[in-house]
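# Residue-level structural notes
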Amino acid sequence: MDNIERLYKCYEILSEAGDKITEHVAEYKEILQAVKGTSKEKRLASQFIGNFFKHFPELSDTAIDAQFDLCEDDDTQIRRQAIKDLPKLCQGNSEATVRVGDTLAQLLILDDATELQQVNNSLLSIIKLDTKNAITGLFQQITTGDETTRERCFKFIATKLLTMGPNVITKEIEDYIVEEVKKALQDVTADEFHLCMTILGATKLGSTITGHAELVKLATEQAELNTVDADTLAVDDEVVERFIQCATAAAPYFSKTIKSTQFVSYVCDKLLPINTWNLIATAVAQDQIQLRLLKVFAEMITNTDKLDNANERINAVYNVLLEYMPLPKLSDEDTADVPPSFQFSHAECLLYALHTLGKKHPSNLTFVEDAEKLKDFRARLQYLARGTQGYIKKLEEALKGKSAEELKTEENQLKQTALKTTSNINVLIRDLFHSPPIFKHDIVLSWVVPKNGKLGKRHVPITFGDKGSANGNQEQEQQQDKKSRPSNEQKFYSPPSGKYSGKVNSNYGNNNRARQRGGGGGGGGGNFRNRRYNRY
């Protein structure tokens, strides 16, 4: 009798043994030995091991290891079969379920799409069989696995596990997921931090005020806002990047109830003092890092409480704003035709911040009390207004008379987007140019769009141009409701050449996360150094 026939014979004996199946240990051992045989023997062994696994608990470790060996076979067909058969080992066996969950979590790094689909299917199967123990295995890899494995596990939880519905994700299971993700946050990379916050935001924490407060608290802890030395300047790239990432994660949860004051105060105290500001990200694309910081600062500032030391903190905003509002050039023959150079996106963020803080603290605008400073400020505002209005005029001329179909082209959509930032700036200038400044207009920041009747941040913002940027006020957003939304793919818009050409940032609105490092011993992403950070 050849080996294949013998395997079928063992299967027949075990199938027909009934209550006496435990007397046929030898036959089950023969099946386990077949994992070292030919390809056909291995495929049969994979199918048979799980069928009788529960009857031979004394051989459970051997059987599990045999099945795992098949999952690592050189033959793709054998691997797929073995992965497909893994859930058989989990029926009524909690220890096996944890081990299988752990192994399937490791296999999430497979590149072959068909194999990976089988891994996902098997994971989902054991989760339906024994949810708690299956995801315990998953979290074991989050604790001990390399960076690639950890990321894949987090993504599986975010995109697969949490979509399985209330029959699987019961209150007990959701509580367990929240608890384990919080533990994982003690030692995460930038990418992992955002995946953790995405997962937590999709649980009960994302749907209640209490939950929002907890998410903000987690982001605050990761940003280490409570532990920074008062005399330390926050110019280290890691510190700045960590703050941007944590503030970005917290920003959606700030509200009239949950205040952003601690984050806003940190920016004013640690990042905006002009000597610090000019040192931020000098080794990388400084404009891009600074713009990302200003964008999240502007998003948060709406929900800040009244600030302590308001004079100093508003002055910090004011002084950085002056960096983006140059004084008028001398009008002589040599400079008359040189166009003003404005970074509109930076200016929008800072004007909005000054406008918002001024509305909360009208008596703390110290530059208003200084005649020379006020004169200087108004001259800069006037010069910026000239550039902005000229830019708006060119954009409106470019869009005038376009049909609805023509307005859907990438270039024209981006021109409409460019119109939003400059329009916002124009509105803010009108209020701030008053003597004293007034604060009667409310604007919607250009990268924020209405979503389901509420304002929400655009997940993949449109970008354009060369060194600043532009996107939206509410009135124009409403006027353009019938127009097609821009593509989510990032595109670049070159502003019109000529007198009012503005610098437009090629990474405008780009809140890119630090990129994933390869698997193994950790590594930096984006501007992060090549290691994993304790607490980010």
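As a convention, each chain's residues are numbered from 1 in the sequence order in which they are written. Reporting of local features is limited, given that this is a predicted model, to residues whose pLDDT is at least 70; pairs of side-chain atoms are given and counted only at 80 or more, and all residues count toward the totals for whole chains, interfaces and linings. Water and hydrogen atoms were dropped before computing side-chain values, which therefore reflect all heavy atoms in the structure.

Check the secondary structure of the chain and you find 22 helices and 2 strands. Considering only residue pairs separated by 6 or more positions, the chain has 75% of its internal contacts joining residues 24 or more positions apart. Strands here mean DSSP runs of E at least two residues long; helices mean DSSP runs of H or I at least four residues long; both are numbered from the N terminus. Any pair of residues with heavy atoms lying within 4.5 Å of one another is described as a contacting pair.

Further remarks concern helix α7 (residues 113-129). Relative to the 24 Å expected for 17 residues at 1.5 Å per residue, α7 spans 24 Å between its end C-alpha atoms, a close match to the ideal helical length. Throughout, exposure labels follow a simple rule: accessible area from a 1.4 Å probe, protein chains only, divided by the maximum for the residue type, with under 20% read as buried, over 50% as exposed, and the rest as partly exposed. Every buried residue of α7 is accounted for by E115, Q118, V119, N120, S122, L123, I126 and I127. Buried residues along α7 sit against α5 (76-85), α6 (94-106), α8 (131-144) and α9 (147-159). Every helix has an expected span of 1.5 Å times one less than the residues it contains.

Glancing now at the nonpolar core. The set of buried Ala, Val, Leu, Ile, Met, Phe, Trp, Tyr and Cys residues whose side-chain atoms join them within 4.5 Å is what this entry labels a nonpolar core. Core analysis: the largest hydrophobic core is formed by 154 residues, its most contacted members being Y28, I177, F243, F263, L351, L354 and F377. Ranked by residues supplied to this core, first place goes to helix α20 (residues 371-399) with 10 residues. Looking at this core, you find at least three residues from each of domain 1 (211-305) and domain 2 (318-329 + 341-356 + 366-446). When residues no more than four places from it in sequence are discounted, the contact partners of Y28 are L14, I49, F52, F53, F56, L59 and A63. Domain boundaries shown here were taken from an automatic or database domain assignment.

What describes two packed helices is the angle between their axes and the distance between those same axes. Comment: axis = line fitted to C-alpha atoms, over the contacting stretch for helices; angle = value between 0 and 180 degrees taken between N-to-C directions. As a packed pair, α6 and α7 sit with axes 10 Å apart at the nearest point and diverge in direction by 155 degrees. Comparing the axis directions of α6 and α7 gives the class roughly antiparallel. Considering the relative orientation of α6 and α7, their crossing is left-handed. The residues of α7 that touch α6, namely those facing T97, V100, G101 and L104, are V119, S122, L123 and I126. Taken together, the residues of the contact of α6 with α7 break down into 5 nonpolar, 3 polar and no charged. Reported orientations rely on four angle classes, namely roughly parallel under 35 degrees, roughly antiparallel over 145, roughly perpendicular from 65 to 115, and oblique for the rest. In this scheme, a crossing is called left-handed if the near helix is turned counterclockwise away from the far one by less than a right angle; it is called right-handed if the turn is clockwise. Charged means Asp, Glu, Lys or Arg here, nonpolar means Ala, Val, Leu, Ile, Met, Phe, Trp, Tyr, Cys or Pro, and polar covers whatever is left, Gly included.

Right, let's talk about the environment of A247 for a bit. By the secondary structure assignment, A247 is in helix α13 (residues 237-250). Separated by 46 residues in sequence, A247 and L293 have C-alpha atoms that sit 8.8 Å apart. Setting aside anything within four residues of it in sequence, one finds A247 in contact with F263, V296 and M300.

What follows covers the packing of aromatic side chains. Aromatic rings in a pair are described by how distant their centres are and how their planes are angled relative to each other. Here a Phe, Tyr or Trp ring, Trp counted by its six-membered ring, pairs with any other such ring whose centre lies within 6.5 Å, and the pair is stacked when the planes are under 30 degrees apart, edge-to-face when over 60, and tilted otherwise. Under the defined criterion, the tally for this structure stands at 14 aromatic pairs. Taking 6.1 Å as the distance between ring centres and 65 degrees as the angle between the ring planes, the aromatic pair formed by Y8 and F48 counts as edge-to-face. Of this pair, Y8 sits in helix α1 (residues 3-16) while F48 sits in helix α3 (residues 39-52), placing them 40 residues apart in sequence. Assessed through its relative accessible area of 5%, F48 is described here as buried. Here F139 and Y176 contribute two aromatic rings whose centre-to-centre distance is 6.1 Å and whose plane-to-plane angle is 85 degrees, an arrangement assigned as edge-to-face. In this pair, F139 sits in helix α8 while Y176 sits in helix α10 (residues 171-184), placing the two residues 37 residues apart along the sequence. The two residues F139 and Y176 agree in class, both being buried. Each member of the aromatic cluster is reached from another via a ring pair, and the members are Y8, Y11, F48 and F52. Sitting over a ring, as applied to charges here, requires NZ of Lys or CZ of Arg to be within 6 Å of the ring centre and within 35 degrees of the ring normal. In this structure, K132 is placed above the aromatic ring of Y176, and the distance from its NZ or CZ to the ring centre is 4.7 Å.

With respect to the helices and strands, the residue D269 is situated in helix α14 (residues 261-271). Taking the C-alpha atoms as reference points, D269 and V317, separated by 48 residues in sequence, lie 10.0 Å from one another.

Structurally, the position occupied by D130 is in the loop between α7 and α8. Positive charge is attributed to Lys and Arg, negative charge to Asp and Glu, and no charge count is given to His or to the chain ends. Just to be clear on terms, a salt bridge is a Lys or Arg side-chain nitrogen sitting within 4 Å of an Asp or Glu carboxyl oxygen. One buried charged residue, D130, forms no salt bridge at all, with the nearest opposite charge on K132 at 8.5 Å. In contact with D130, not counting residues within four places along its chain, are S94 and T97.

Overall, the predicted model of the chain reaches an average pLDDT of 82, with 79% of residues at or above 70. As a per-residue quantity, pLDDT reports the predictor's confidence and falls between 0 and 100. Predicted confidence is poor over residues 332-338, with pLDDT under 50, and the contacts of this stretch with residues over four places away or in other chains come to 2 contacts.

Before going further, it helps to spend a moment on the packing of α8 against α9. Where α8 meets α9, the axes come as close as 8 Å, and the angle between the chain directions of the two elements is 145 degrees. Crossing of α8 against α9: the hand is left-handed. Residues L138, F139, Q141, I142 and T143 of α8 form the contact with α9, whose participating residues are T149, R150, C153, F154, F156 and I157.

For helix α18 (residues 344-360), built from 17 residues, the straight-helix expectation of 24 Å at 1.5 Å per residue is met to within 8% by its first-to-last C-alpha distance of 24 Å. A large share of α18 lies buried, amounting to 15 of its 17 residues.

Going through the model one piece at a time under the given rule, you end up with 23 salt bridges. As a salt-bridge pair, E214 and K182 come within 1.9 Å of each other at their nearest N and O atoms. With E214 in helix α12 (residues 209-223) and K182 in helix α10, this pair connects stretches of sequence that are 32 residues apart. Among the residues examined, E214 registers a relative accessible area of 26% and is labelled partly exposed. On the accessibility criterion, K182 (26% relative accessible area) is partly exposed.

Turning next to unusual backbone geometry. Across the junction of S435 and P436, the peptide omega takes the value -5 degrees, indicating a cis bond. With respect to the secondary-structure elements, P436 resides in the loop between α21 (410-432) and β1 (448-451). Backbone geometry at E224 places phi at a positive 60 degrees, although glycine is not the residue there. With respect to the helices and strands, the residue E224 is situated in the loop between α12 and α13. The class of E224 is partly exposed, set by a relative accessible area of 24%. In this model, N309 sits at a positive phi of 50 degrees, which is unusual for a non-glycine residue. Structurally, N309 is set in the loop between α16 (286-301) and α17 (310-323).

Before going further, it helps to examine the environment of S345. Within the fold, S345 resides in helix α18. Owing to a relative accessible area of 0%, S345 belongs among the buried residues under this scheme. The sequence separation of S345 and T421 amounts to 76 residues, and the corresponding C-alpha distance is 6.8 Å. Only 3.5 Å separates the side chain of S345 from the side chain of H346, close enough to count as a polar contact. Think of a polar contact as two N or O atoms within 3.5 Å of one another; within protein, one of them needs to be a possible hydrogen donor and the other a possible acceptor, and neighboring residues in sequence only count if both atoms come from side chains.

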